[in-house]
Amino acid sequence: MSGYTLYVHRTCKSSHKLLGYLKERRLLDKITVIQVEELDKALAKMLYSVPALESQDEIIAIDPGA
Amino acid sequence: MGDRKKALEYIPRDRDEAFERAEKTIMYSGYLSIIVLLYGNTRIVWSREFLRRALRSRIEPSNEALVEMLIDNPVQEREIHDALLRAALMNYLRSMVWVLDGKVSDVDLTRYNDPVIIASWMMAYVSIGRTLLPYPDKRERIMRIAEELSELLSRWGKPYLRRILAEYRELGLARSM
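Because the structure is predicted, anything quoted here is derived from the model rather than measured.

Trainee: Now, about the overall build of chain B: what can you tell me, with residues and values included?
Mentor: When you go through chain B residue by residue, the secondary structure sums to nine helices and zero strands. Across chain B, helices and strands are ordered from the amino to the carboxyl terminus as α-α-α-α-α-α-α-α-α. Residues classed as buried in chain B amount to 28% of the 177 residues present. By sequence separation, contacts in chain B at least 24 residues apart represent 71% of the contacts at least 6 residues apart.

Put into structure tokens, the structure is as follows:
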């Protein structure tokens, strides 16, 4: 387990592209993917944009170009 | 490695690129871009946490120096006003496309082109309950922005809508189009 979490939304083109990219490289099973449509504790996460990548409980990259 | 190189392209290397990344991060967030538009400054947005994300300083810790530089130098809203308006127009049209499940006609573009609707939408968009509800002090500013957006919608609504509908289909969200 790599410890990476990726936050995405189905209406988001960048999320869609990124998931396609990860699938192509067989990396999807190495990360946890969470749809932010109904995210637990979303307000505490301050996820003002997706896709967003989290590691060790910190957002390390966020759209654009995540 | 190609992927590594590509990832690094998103990490700013100097002051100018740092400003560019921070501005882009605001633009790409419907939430942040409308907050900056309505409040007329980046004060609410401009935190260390925001800058660390925008500048990828957790991936490239040496960028903490750029974070510290930017925190004392917020971007002025007027410098990015036009780009913020365009982003807001895209997001307004997206909301319309989602609610109408992609069946947006030219008549709808006129019907929902009303500064009162646009202003209400923006106020709801940026607030969490009453928190960050930009009222009453910002009322006049919001109405002025809504008028600007309404004018932009009359001029650019059709071509922007075409792009958003194409994206909506591409994402497989259209159920009955």
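Trainee: Give me the lowdown on the overall build of chain A, citing residues and values where you can.
Mentor: Scanning chain A for helices and strands turns up two helices and four strands. Walking chain A from its N terminus toward its C terminus, one meets helices and strands in the order β-α-β-α-β-β. The C-alpha radius of gyration of chain A comes to 11 Å, within 12% of the 11 Å expected for a compact globule of 66 residues. Principal axes of the C-alpha set define a box for chain A whose edges measure 30 × 25 × 20 Å. Residues classed as buried in chain A amount to 29% of the 66 residues present.

Trainee: So, the pairing of strand β3 (residues 52–55) of chain A: which residues are in play, and what are the values?
Mentor: Each regular strand displays side chains that alternate between the two surfaces of the sheet. All names here are of chain A. Inspection of the sheet shows strand β1 (residues 4–8) paired to β3 by four bridges, in the antiparallel sense. Bridge pairing in β3 places Tyr7 opposite Ala52. Alignment of β3 against strand β4 (residues 58–62), held across four bridges, turns out to be antiparallel. Residue pairing in the sheet places Leu53 in a bridge with Ala61 of β4. Count of turn residues in the β3/β4 antiparallel hairpin: two residues, of which Gln56 carries a positive phi of about 50°.

Trainee: I'd love a proper account of the packing of helix α3 (residues 30–39) of chain B against helix α6 (residues 81–99) of chain B, names of residues and values included.
Mentor: Two measures define how a pair of helices packs: the angle their axes make with one another and the distance between the axes. All names here are of chain B. Across the interface, α3 lies against α6 with an axial gap of 9 Å and an inter-helix angle of 130°. As far as their axial angle goes, α6 and α3 are oblique. α3 and α6 meet at a crossing whose hand is left-handed. Contacts between α3 and α6 involve Gly30, Ser33, Ile34, Val36 and Leu37 on the former and, on the latter, Leu84, Ala87, Ala88 and Asn91.

Trainee: Hey, could you go over the domain arrangement of chain B for me, with residue numbers and the actual values?
Mentor: Residue and element names in this part refer to chain B. Looking at the assigned domains, one finds that chain B contains domain 1 (2–77) and domain 2 (81–170). Each of domain 1 and domain 2 has a C-alpha centre, and these two points are 25 Å apart. On the side of domain 2, 15 residues touch domain 1, which itself brings twelve residues to the contact. The dominant element in the side of domain 1 that touches domain 2, judged by the number of residues it contributes, is α3, at nine residues. Grouping the amino acids of the side of domain 1 that touches domain 2 by side-chain chemistry returns eight nonpolar, three polar and one charged.

Trainee: Residue-level account of the interface of chain A and chain B, with values.
Mentor: In this assembly, 16 residues from chain A lie in contact with 17 residues from chain B. If you list the elements that add at least two residues to the side of chain A that touches chain B, you get α1 (13–24) and β4 of chain A. In terms of residue count, β4 of chain A provides more of the side of chain A that touches chain B than any other element does, five residues in total. Class assignment of the residues belonging to the side of chain A that touches chain B gives a composition of eight nonpolar, four polar and four charged.

Trainee: Outline the sheet that holds β3 of chain A, listing residues and values.
Mentor: All names here are of chain A. Sheet architecture is open: four strands sit in the order β2-β1-β3-β4, paired in mixed fashion. Pairing within the sheet leaves two strands with one partner each, and these edge strands are β2 (31–35) and β4. Neighbour-to-neighbour, the strand axes of the sheet open up by a mean angle of 25°, direction not taken into account. Looking at chain direction, β1 and β2 are connected through five bridges and run parallel. Looking at the pairing, Thr5 lines up with Thr32 of β2.

Trainee: Provide a residue-level description of the environment of Arg111 of chain B, including the pertinent values.
Mentor: Structurally, Arg111 of chain B is set in helix α7 (residues 106–111). Taking C-alpha positions, Arg111 of chain B is 48 Å from Glu64 of chain B, a pair spaced 47 residues apart along the chain.

Trainee: Quick one: what's the story with unusual backbone geometry, residue by residue and with numbers?
Mentor: Residue and element names in this part refer to chain A. Here the residue pair Val50 and Pro51 is connected by a cis peptide bond, since its omega of -5° sits within 30 degrees of zero. Summarising the element assignment, Pro51 is placed in the loop between α2 (42–45) and β3. Here Asp63 and Pro64 are connected by a cis peptide whose omega angle stands at 5°. Tracing the sequence through the fold places Pro64 in the segment after β4. Of note in this structure, Arg26 is not a glycine but carries a positive phi near 55°. Among the structural elements, Arg26 can be located in the loop between α1 and β2. For Arg26, a count of 8 C-beta atoms within 10 Å corresponds to the exposed category. The phi dihedral of Met46 is positive, around 55°, even though this residue is not glycine. With respect to the element layout, Met46 can be found in the loop between α2 and β3.

Quick notes on the rules
- Residues numbered from 1 in each chain as written.
- Chains lettered and ligands numbered in written order.
- Predicted model: local features only at pLDDT ≥ 70, side-chain atom pairs only at ≥ 80, totals over all residues.
- Helix = DSSP H or I, 4+ residues; strand = E, 2+ residues; numbered from the N terminus.
- Buried ≥ 20, exposed ≤ 12 C-beta atoms within 10 Å, placed from the backbone.
- Contact = placed C-beta atoms within 7 Å.
- Rg over C-alpha atoms; globule rule 2.2 N^0.38 Å.
- Pairing = 2+ DSSP bridges.
- Axes fitted to C-alpha atoms, helices over the stretch in contact; angles between N-to-C directions.
- Parallel < 35°, antiparallel > 145°, perpendicular 65-115°, else oblique.
- Left-handed = near helix turned anticlockwise from the far one by under 90°.
- Domains from an automatic or database assignment.
- Nonpolar A, V, L, I, M, F, W, Y, C, P; charged D, E, K, R; others polar.

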